[in-house]
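Structure at a glance
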Amino acid sequence: MNHIAILGAGQAGSSLAAKLRGLGFGGRITLIGEEDTLPYQRPPLSKKYLMKEMTLEQLHLRPERFYADNDISLHLGRKVDAIDPAMRQIRFGEELLSYDQLALTTGATPRALPAALGGDLPGVYVVRNLADVDRMAPEFEAGRRVLVVGGGYIGLEAAAVAAKLGLKVTLIEAAPRILQRVAAPETSDYFRGLHAGNGVEILEGAGLAGLSRGEAITVALSDGSRREVDFVIVGIGVAANDGLAAAAGIACDGGILVDAHGRTSDAAIWAAGDCARLPYRGQMIRLESVQNAIDQAEAVAANMLGAEADYVPKPWFWSDQYDVKLQIAGLNMAFDRVVTRPGASEKARSHWYYRGDTLLAVDAMNEPRSYMVGKRLIEAGRSPLPEQVADSAFDLKSLI
Ligand code: FAD
């Protein structure tokens, strides 16, 4: 085995290439990416980069010379059109490249608003790529009006940036509450209050009937009301980029299916990051986070070299909104109880998710200590009693 090709030059692809060299792989590595920029980190796109507090160079995961120094052949601005697993080849345009092993790290694509609702109008944006953010950045001027469609983390972060920059922000969420898909009502309440305190209008249970464009954009809501805005940001989730894999006959189901080693249904093809659906506690899940992209990619690198080690995700996520840092440890799937632990200040607290007596996850707002101890408890498989969690005077560290 001497040529590993990596398809998708983002967080997972770049980590995988670096880890292969770190583990001493001496063969050829080719890293191919559709975007015409060095592999970069996405989280600041809806945070500091959008606020213009971070430069493009600071987004880069590794400097350009890293790839040359490590003999990683980087092909940027190149879209791979097809994979031929039988021939072990990938095709870009008319060019064919043979591989011995292939890693798919193709990420995800934001769900677009249907064109029938005005999703293709000028002034309607999604936030996934650097190019998306560069395109919409000039719209962020004080006094302008923006509609954010979707109350998940990306929509809320974009709303926070816009409010901080002095825009008039309305956020609509079709579900009964913001963050419904990912967090408990207690966390939704916290962020609803935070945004309200910063002047953002949040409308929950509010469907979009359609957008139409004159000088401004007219927003028609499902309750029959209308309002005008200058531009629209759509944050209604993503779909895994599994089309190439599916067309090549690799098993996919809302993501590229991988086993605990990160191997797909084709023995020479692996997948990691947002595009992969992996086994976790008896279910197949996708994890859209930087930590998973790095850890899974590194596990796949080791397994491509024969480690045969299971990848066990240690879910971790964060979000920055105004002066609040949210840190999440664990996965709250199927929780049946939430316990609040008060923090040192009004905005500091943490929400602890349980299923029965088992601690599943922690949402910590401006509470890095609760986050750290919660993460360690979850990783150790230990569950504090709910009354210990609720008592801020109780030292949870004593349980570790
Ligand atoms: P990506 O980083 O998306 O890389 C995939 C790459 O593959 C892309 O560059 C794509 O162009 C390329 N590609 C796809 N198809 C092809 C093809 N056919 N040919 C060539 N190239 C192709 N996570 C957190 O943990 N915390 C956060 O606070 C956070 N904030 C976020 C904010 C935003 C705005 C976004 C968009 C994401 C955020 N995330 C956050 C999620 C995190 O960034 C992703 O989980 C992570 O980037 C996934 O890495 P990846 O390598 O799987 O995919």
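In case you missed it, the structure is sitting above this.
In this report, the structure presented in the accompanying data block is examined. Quantities reported herein were computed from a predicted structural model and do not represent experimental measurements.

**What to know about the pairing of strand β2 (residues 28-33)**
Most of β2 sits inside the fold, with five of its six residues counted as buried. In terms of strand pairing, strand β1 (residues 3-7) meets β2 through five bridges, oriented parallel. Within β2, the residue paired with His3 across the bridge is Arg28. In this fold, β1 hands off to helix α1 (residues 11-22), which returns the chain to β2; that crossover is right-handed. Examined bridge by bridge, β2 and strand β3 (residues 72-76) share five bridges and lie parallel to one another. Each bridged residue has a counterpart across the sheet, and for Ile29 the counterpart in β3 is Ile72.

**Concerning the pattern of salt bridges**
For the structure on display, the rule yields 14 salt bridges. A salt bridge links Arg128 to Asp274, with the nearest nitrogen and oxygen atoms 3.0 Å apart. Taken as a pair, Arg128 in the loop between β9 (124-126) and α4 (130-136) and Asp274 in the loop between β19 (269-271) and β20 (276-280) lie far apart in primary sequence, 146 residues in all. Note on Arg128: relative accessible area 15%, which makes it buried. A salt bridge links Arg227 to Glu201; its shortest N-O distance comes to 2.7 Å. Of the two residues, Arg227 sits in strand β15 (residues 226-229) while Glu201 sits in strand β12 (residues 201-204), which places them 26 residues apart along the sequence. Here Glu201 falls in the partly exposed class, since its relative accessible area comes to 29%. Counted as one network, the salt bridges with shared partners bring together Asp189, Arg192 and Glu204.

What counts and what doesn't
- Residues numbered from 1 in each chain as written.
- Predicted model: local features only at pLDDT ≥ 70, side-chain atom pairs only at ≥ 80, totals over all residues.
- Heavy atoms only, no water.
- Buried < 20%, exposed > 50% of the residue type's maximum accessible area, 1.4 Å probe, protein only.
- Helix = DSSP H or I, 4+ residues; strand = E, 2+ residues; numbered from the N terminus.
- Pairing = 2+ DSSP bridges.
- Right-handed = clockwise from strand over helix to strand, strands pointing away.
- Salt bridge = Lys/Arg side-chain N within 4 Å of Asp/Glu carboxyl O.

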